[in-house]
Amino acid sequence: MTLKVAVLMDPIGSIKIAKDTTFAMLLEAQRRGHSLFYMEQGDLAARSGEPWARLAPLSVRDDASGWYMLGEPAWRDLREMDVVLMRKDPPVDPQFIYDTMVAELAERAGVMVVNRPQALRDCNEKLFAMHFPQCMSPTLVSRDAADIRAFVATHGEVVLKPLDGMGGRGIFRVKAGDSNLNSMLETLIAAGPKGEHKQFTMVQKFIPEISSGDKRILVVDGEPVPYALARIPQGSDFRGNLAAGGRGEGVPLSERDRWIVSQVAPELRRRGLLFVGLDVIGDYLTEINVTSPTCVRELDAQFGLNIAGQLFDVIEQNRLGTRAA
């Protein structure tokens, strides 16, 4: 039995296949004989309570000279699909929130959406980690500049992050007394033409172990992949994100890593988050990535794994078992 698998992603012609986790998922689905269909954000619609999508048949191959072929797109009832992979990169902006609402109409009709639309809306990748304070270093989320300055003074050195960023963009490292702190806060907090709308900013105590890497731990249906990708900062940049120039090095999970997963996994399962990336620096959880976690291709290549295969084992068990019943 085969499945119809639709993927919502950023333009496939712009991806780097050696590092693209969505591409790994597509290769694995095709290898298993499933039919692939492609869409981007502008290809979703709701018609009188019915979810529709402009879907193009898709085939892929692991060849950097030409890695995909698209058929003619056509509007179809999204409920015809068995599985929808939600794999658009952050930010989770209002338009993506609306996408999840259309996908939820399909989910209510029995389509398996990975990750679940409700969880994508509820689990901001910075704030969701605050559900597990026992795993985190001291952290503040606030719109108040004085509150943030007091936190910096207390902890000496911190990292400032916007709540909707990815790839290390918009992240600052600052020490108490730094004359640049006020301008950083103006950049992060102020929004609107006159700065009249204030935005939340996350502030975390700086963790010196970042020099050994910001570890990405992938969790499939609550079970950790046994190796993490340590994204190690290069040169004078403190950010380990691969998009910011960090170097990826695979490492086995530590006992502390596994303990952190054990704390988080039950809630991931409860929310229907089948594929998640935990970010861990030293002994501390810093983020929980649910929108489009990456690092599958790198870990597969370094350790001979098939992480997308683990995910599709779960998907097939769910969908084919449901169909058989």
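Reading the values: the criteria
Residues numbered from 1 in each chain as written. Predicted model: local features only at pLDDT ≥ 70, side-chain atom pairs only at ≥ 80, totals over all residues. Heavy atoms only, no water. UniProt positions renumbered as here; feature names shortened; annotations may be inferred. Phe/Tyr/Trp six-rings, centres within 6.5 Å; stacked < 30°, edge-to-face > 60°. Lys NZ or Arg CZ within 6 Å of the ring centre and 35° of its normal. Pairing = 2+ DSSP bridges. Helix = DSSP H or I, 4+ residues; strand = E, 2+ residues; numbered from the N terminus. Axes fitted to C-alpha atoms, helices over the stretch in contact; angles between N-to-C directions. Parallel < 35°, antiparallel > 145°, perpendicular 65-115°, else oblique. Left-handed = near helix turned anticlockwise from the far one by under 90°. Contact = heavy atoms within 4.5 Å. Nonpolar A, V, L, I, M, F, W, Y, C, P; charged D, E, K, R; others polar. Buried < 20%, exposed > 50% of the residue type's maximum accessible area, 1.4 Å probe, protein only. Polar contact = N/O pair within 3.5 Å; in protein donor to acceptor, adjacent residues only side chain to side chain. Core = buried A, V, L, I, M, F, W, Y, C linked by side-chain atoms within 4.5 Å. Expected span 1.5 Å × (residues − 1). Salt bridge = Lys/Arg side-chain N within 4 Å of Asp/Glu carboxyl O.

The name given to the chain in an unreviewed UniProt entry is Glutathione synthetase, with the source organism recorded as Dyella kyungheensis. Word for word, the UniProt comment on the chain under Sequence similarities (unreviewed entry) is "Belongs to the prokaryotic GSH synthase family."

Enquirer: Mind laying out the packing of aromatic side chains, listing which residues take part and the relevant values?
Expert: The full count for this structure, using the stated rule, is 3 aromatic pairs. Ring geometry for W67 against Y68: centres 6.0 Å apart, planes inclined by 50°, an arrangement best described as tilted. The side chain of R47 reaches across the aromatic face of W52, ending 4.5 Å from its centre. Residue placement shows R47 over the ring face of W75; its charged tip is 5.1 Å from the ring centre.

Enquirer: Could you give an account of the sheet that holds strand 14 (residues 201–205), naming the residues involved and the relevant values?
Expert: Across the sheet, which stays open at both edges, the 4 strands sit in the order 9-14-10-11 with antiparallel pairing between neighbours. The outermost strands of the open sheet, each flanked by one partner alone, are strand 9 (139–142) and strand 11 (172–175). Along the sheet, successive strands turn relative to each other by an average axial angle of 25°, direction set aside. Alignment of strand 10 (residues 157–162) against strand 11, held across 4 bridges, turns out to be antiparallel. Bridged to L160 within strand 11 is F172.

Enquirer: Account for the packing of helix 4 (residues 145–155) against helix 5 (residues 181–189), naming residues and giving values.
Expert: How two helices pack is summed up by the angle between their axes together with the distance between the axes. Taken N-terminus to C-terminus, the directions of helix 4 and helix 5 make an angle of 130°; their axes are 11 Å apart at the nearest point. Between helix 4 and helix 5, the angle falls in the class oblique. Read as a crossing pair, helix 4 and helix 5 show a hand that is right-handed. Between helix 4 and helix 5, the residues in contact are A145, I148, R149 and V152 and L181, N182, L185 and I189, respectively. Looking at the contact of helix 4 with helix 5 residue by residue, the classes come out as 6 nonpolar, 1 polar and 1 charged.

Enquirer: Quick rundown of helix 1 (residues 21–31)? Include the residues and the values.
Expert: Counting buried positions along helix 1 gives 9 out of 11 residues, so the element sits mostly inside the fold. What helix 1 keeps buried is the set T21, T22, F23, A24, M25, L26, L27, E28 and A29. Sitting at the head of helix 1, D20 places a side-chain oxygen 3.1 Å from the backbone nitrogen of T22. One or two steps after helix 1, the chain reaches G33, where phi turns positive at roughly 90°.

Enquirer: Account for the nonpolar core, naming residues and giving values.
Expert: Within the largest apolar cluster, 44 residues are counted, with the highest numbers of intra-cluster contacts made by M39, L78, V84, L278, L285 and I288. Top contributing element to this core by residue count: helix 6 (residues 255–271), with 5 residues. Contact partners of L78, with chain neighbours within four places excluded, come to M39, L44, P51, W52, A53, L55, V84, A106 and V111. Counting 38 residues, the second-largest nonpolar core is a separate cluster that includes L27, L36, L58 and L85.

Enquirer: Now, about helix 6: what can you tell me, with residues and values included?
Expert: One turn of the α-helix equals 3.6 residues, which is why residues spaced by three or four share an orientation. Look at helix 6: 25 Å from first C-alpha to last across 17 residues, which is about the 24 Å you get at 1.5 Å a residue. Along helix 6, the positions that sit buried rather than exposed are D257, I260, V261, V264, A265, E267, L268 and R271. Elements that come into contact with the buried residues of helix 6 comprise helix 3 (117–122), strand 15 (214–220), strand 16 (223–224), strand 18 (247–252), strand 19 (275–281) and strand 20 (284–289). Downstream of helix 6 by a residue or two, G272 has a phi angle that is positive, lying close to 75°.

Enquirer: Can you break down unusual backbone geometry residue by residue, with the values?
Expert: Between P90 and P91 the backbone carries a cis peptide bond, its omega angle lying at 15°. Residue position: P91 is located in the loop between strand 7 (83–87) and helix 2 (94–108). With an omega of -10°, the peptide bond running from V114 to N115 counts as cis. One non-glycine residue, S48, lies in the positive phi region at around 50°. Counting through the fold element by element, S48 comes out in the loop between strand 3 (44–47) and strand 4 (50–60). On the accessibility criterion, S48 (81% relative accessible area) is exposed. One non-glycine residue, D221, adopts positive backbone phi at about 50°. The residue D221 is located in the loop between strand 15 and strand 16 in this model.

Enquirer: Help me get a handle on the pattern of salt bridges, residues and values and all.
Expert: Inspection of every chain in the model, using the stated rule, returns 23 salt bridges. With a shortest N-O distance of 2.8 Å, E107 and R116 are connected by a salt bridge. Across the pair K215 and D257 runs a salt bridge whose closest N-O atoms are separated by 2.9 Å. One end of the pair, K215, is in strand 15; the other, D257, is in helix 6, and 42 residues separate them in sequence. Of the residues examined, K215 reaches a relative accessible area of 14% and is grouped as buried. Given a relative accessible area of 0%, D257 falls into the buried group. In the salt-bridge network here, residues are joined through shared partners; they are E28, R31, R32, D313 and E316.

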